[in-house]
Amino acid sequence: MSDRLFPAQEIGSLARPRWQLLGQRGEPLDAAARSEFESWDRRLGFAGELPDDRDALLAGRPDGASGDGVRDLAALFALRYLEAAGLDRVYDGEARRVEMYEHPVRQMDGFEFQGHVRSFDSKYYRKAAVVGEVRLDRPYDVEEFEFVRRLARAEPKVPVTGPYTLADWSYNEYYLGRQRGWKGRAARRAAQREFVVDLARRAIRPTLKALIDRGCKVVQIDEPAAGTHPDEAELVVEGFNAATDGLDAEFIMHVCFSDYRALLPALLEAKRCSQWAWEFANRDSEGHDAYEVLGALREYGDTRSVGLGVVDVHRDPVETPAIVADRIRRAAKHLGDPARIWVNPDCGLRTRSLEVAHAKLRALVEGAALARAELGSPRR
Amino acid sequence: MDVLTGLTSPFPRSEALVKATRDLDRGRATPDAVEAVYRSAELEVAALERRLGCSTRTAGYLRWPDLFRAFAETWEGFSVGPLTRWFETNTFYRQPILLAPPIRVPGAFAARLPPPLAADPAGARILLPGPYTFAGILDNRSGETDFALVHRLGRLLADEVRELRGRGFATFQFTDPLLVARPPEGPRAEAVVEAYGSIGRACDGGTSIVWTFGGDAVPAIRLLDRLPASVVGIDLAETDVERIPRDGERTTIGLGVLDPRTTLAEDPTDVVRVVRAAAERRGARTVWLGPGASLDLLPPAPAVRKLEVLPDVQRRLRTGGER
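My aim in this report is to walk through the structure given alongside it, one point at a time. Here the structure is a predicted model, which is why all the values come from computation and not from measurement.

With that settled, consider the sheet that holds strand β3 (residues 92-103) of chain B. Sheet strands line up and pair through hydrogen bonds in the backbone, either parallel or antiparallel. All names here are of chain B. A sheet is described by the order of its strands in space; here three strands give the open sequence β2-β3-β5, paired in mixed fashion. Looking at the sheet topology across the chains shown, the edges are occupied by β2 (76-85) and β5 (139-140). Relative to β5, β3 runs parallel, the two being bridged by two bridges. Directly across from I97, in β5, lies its bridge partner D139. Across the sheet, helix α5 (residues 146-166) is in contact with β3 and β5; its angle to β3 comes to roughly 90 degrees.

Following this line, the structure appears as structure tokens:
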């Protein structure tokens, strides 16, 4: 881990390059996809590391239906893309995952997908119902991590969707169906607790253990749903603890688009969590200091590090390094300790183009350097 | 017991509409082609509402990105802000930013209503944001205090209702979940009562419905009782029937009896039991039943399965069977 102030990390998924989408479908690259591939290869020099996969992709025979070679290339591309931006912690842009909900749920037994649900505007995601007891035949993401570990030049950090979010984003049929009579508030709470704990113990914990056994040292547990029901913050923590207790790794909890004050102090009981990675930039504006909420951690005497969202993932305009530095400066003041600050995007950059996302990441790294030059001393 | 039923929120988009709107975003479909899919999907929802015997019709409000966009994009004083997570689900809305005191633009909201509603305005249910939730979810940079804003939004929504009354519409639902999720107190509560007073006067013989969900209604029940509305709806997935106070002067109440957070279809016997218990505790003789939270949290198939429970429940409650 870097001993500089304000090390930088990614937080989640990246947009899929067109060449990946076509390649995974077994289709030859069109002119736009070829140009995109070649342009990024000139900048990052990644494709020469997997020459057979590159040649197959460019020759229009990207290993047919399996798409494994294309996925390897895409994962390597994301690694080099994040490293080139100057990040200290990286992953593969979740290049092999459909998205953060569907991917883990497809690895488990007990779920049935029901159809598309709107997230916003004309963006949708597939949502599943749990119709039987959650079971996992074999841990997931292990091969994905081993690929990253083998090739990464910066420190890998594995994102894993947390049990509370998986439960909250699913329809609870099985566990709720076991409750008798009217499925009111009390029945729903009891059923949700069973569901979260089963997910944590039967699916996520075995996966974390397998990752750690293969050398994984840093895991980011994504719990974006935590903010939707602040009165269930204790259940978020119960799931987190059930998944991580006794495991030997650094665990980060990522929460976004939430009223963090409403989650405190309950969240502080997440025993193995050593960093909060939270979104702020989206709501930071002139006249509204989004980082002020960090004062709450100080009030509670919490001394964990903070992954500070300093670039907005929902808007195209690229933050200047000066804006990033200003955000870090304010956060350091509210937190009372600059040495506990990491910087990251608010959330995954998947909704931005690769060009915009890279510019934002570079601004993030440059902004951190500006703040470092000003605030000085190394991390403790 | 008199029982009325109906949709209380946008209906889920069909897979055909999901595909069409995605294709439009990606430049693979023309607006005209997508418009044809919208029209077909709206007629399907209207037909479903007829088949289920719904007392009011919505045609699904399938075109609406969220409850507030029609105003944020058309009323003066607003701009459309960043994606913001809805307070109790994994869905997002673009947060309206209020830069100056808002000014209503006549005709702008009416132009965004589902086209099939114009054919039978008297039977339509118009969905509008409640003034308290509207004020609570926006980014207020106008300089107005929160409760002055609730007042102002109440007056503007009342003007909207007046215009729509003039077009023949008669039933207006104000979706106001924050009333129970974050109940207002003191001057804010008074501002809410006055805002609904403005709206109630504008209804002028029509029906005004305040629909809440996303929280236990019991702590807010005294305020809800004071709202000058024809019907106030509470979500029985969030509110324990046994804790609803045994008083109240409304003879008509609204009850959210379908829970769109789960695909598990409700058992009609359970629904009949809780509706009877809630009506008895409130002394109500007429109930409006529907989904509690927004039905578009579900895909269409399980949403229809849930709605299909309502006619059976309605029949049993009307005939007094299966006590």
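The rest of the description comes next.
Residues and elements named next belong to chain A. Between helix α4 (residues 68-85) and helix α6 (residues 142-151), the least distance of the axes is 11 Å, while the angle of their chain directions is 50 degrees. On the basis of their axis angle, the class for α4 and α6 is oblique. At the point where α4 passes α6, the crossing takes the right-handed sense. Residues D72, A75, L76, L79 and R80 of α4 pack against F147, V148 and L151 of α6.

Between its first and last C-alpha, helix α13 (residues 321-335) of chain A extends 21 Å over 15 residues, near the 21 Å set by a 1.5 Å rise per residue. Where α13(A) is buried, its residues contact α12 (294-299), β10 (305-311), β11 (341-345) and α14 (354-375) of chain A.

Strand order in the open sheet formed by three strands is β2-β3-β6 (chain A), with mixed pairing between adjacent strands. Since the sheet does not close on itself, it has two edges, and those belong to β2 (108-120) and β6 (171-172) of chain A, each with one partner. Contacting β2, β3 (123-136) and β6 of chain A, helix α9 (residues 185-213) of chain A crosses the sheet at an angle of about 85 degrees to β3(A). Relative to β3(A), helix α1 (residues 15-25) of chain B is tilted by about 130 degrees, and along the sheet it contacts β2 and β3 of chain A.

Rules behind the numbers
Residues numbered from 1 in each chain as written. Chains lettered and ligands numbered in written order. Predicted model: local features only at pLDDT ≥ 70, side-chain atom pairs only at ≥ 80, totals over all residues. Heavy atoms only, no water. Pairing = 2+ DSSP bridges. Helix = DSSP H or I, 4+ residues; strand = E, 2+ residues; numbered from the N terminus. Contact = heavy atoms within 4.5 Å. Axes fitted to C-alpha atoms, helices over the stretch in contact; angles between N-to-C directions. Parallel < 35°, antiparallel > 145°, perpendicular 65-115°, else oblique. Left-handed = near helix turned anticlockwise from the far one by under 90°. Expected span 1.5 Å × (residues − 1).

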